[in-house]
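# Notes for the structure review
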Amino acid sequence: MISNKGKIEALIYASGNQGISLAQIIDLIKIDTNQIKLIIDDLNDDLLHNQDSGLLILNSANKYRFATKPCVNNLITDLVGKDSIKLSQSNLETLTIIAYEQPITRIEIDEIRGVNSSRTIQKLLDLNLILKNGKKDALGNPTLYATTQKFLEVFGLNSLKDLPNTNIKEK
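As the structure is a prediction and not an experimental result, all values here were calculated from the model.

### Side note on helix α6 (residues 106–113)
Residues of α6 that are buried: I109, D110 and R113. In an axial view of α6, the angular spread of the buried residues amounts to 100 degrees, which keeps them on one side of the axis. Buried positions along α6 lie against α5 (89–101), β3 (104–105) and α7 (118–126). One or two residues past the end of α6 sits G114, with phi positive at roughly 85 degrees.

So, in structure tokens, the structure goes:
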């Protein structure tokens, strides 16, 4: 009979790019949360310390998935091409402001950046990295913007709390 470690490894593998949550693993295997976390840590340690392995287990957006180690990125890029999201400097600036200051209006973003951010915001909306998050209770009821689940996944974060500390003012 296959061990719980083998079962969890198979579930993470089978989940593909979507990944699998802790709750899904618990539902399928019916073992303790802490035991699952220990098994996943053990699996990842095995992969990380095995120089013959090009894989690791990534936990982002609260889902576990296999990913390739950075040392094989060029090889993978040669195989699948560069299908990553390309962001310009202005896109990154605007996305950073939204991530740290959300929810935030376009006017507030423009005040921080010193330039009009309309096109940049539209690009980030099109890429599903940000979303419209209601209206601000202020003159004109401007739209509020916030980051999406895809933002967390693209940047390998579980939550906004995982963002690095910066000099951007805190609210």
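The structure having been displayed, the exposition proceeds.
### What about helix α3 (residues 33–49)?
For α3, built from 17 residues, the straight-helix expectation of 24 Å at 1.5 Å per residue is met to within 8% by its first-to-last C-alpha distance of 24 Å. All of the buried residues in α3 are I36, I39, I40, L43, N44 and L47. What you see down the axis of α3 is that its buried residues fit within an arc of 130 degrees, all on one side. In this structure, α3 carries N34, L38 and H49 as exposed residues pointing more than 90 degrees from its buried face. Among the structural elements, α1 (4–15), α2 (22–29), β1 (55–60) and β2 (63–68) are those in contact with the buried residues of α3. The opening residue of α3 is D32, an N-cap whose side-chain oxygen sits 3.0 Å from the backbone nitrogen of N34.

Definitions and limits used
Each chain carries its own residue numbering, running from 1 in the direction its sequence is written. Local features are withheld for residues below a pLDDT of 70 in this predicted model, meaning they are given only at 70 or higher, and side-chain atom pairs are given and counted only at 80 or more; totals for whole chains, interfaces and linings count all residues. Computation of side-chain values: all heavy atoms of the structure, hydrogens and water removed. Burial classification: accessible surface area is computed with a 1.4 Å probe over protein chains only, and a residue below 20% of its type maximum counts as buried, one above 50% as exposed, and the rest as partly exposed. Here a helix means four or more residues in a row that DSSP labels H or I, a strand means two or more in a row labelled E, and each is numbered from the N terminus. It is the directions from the helix axis to the C-beta atoms whose arc is reported. Contacts are assigned to residue pairs with any non-hydrogen atoms lying within 4.5 Å of each other. What a helix is expected to span follows from its residue count: subtract one and scale by 1.5 Å. Nitrogen and oxygen atoms within 3.5 Å of one another constitute a polar contact, given that in protein one can donate a hydrogen and the other can accept it, and given that sequence-neighbouring residues count only through two side-chain atoms.

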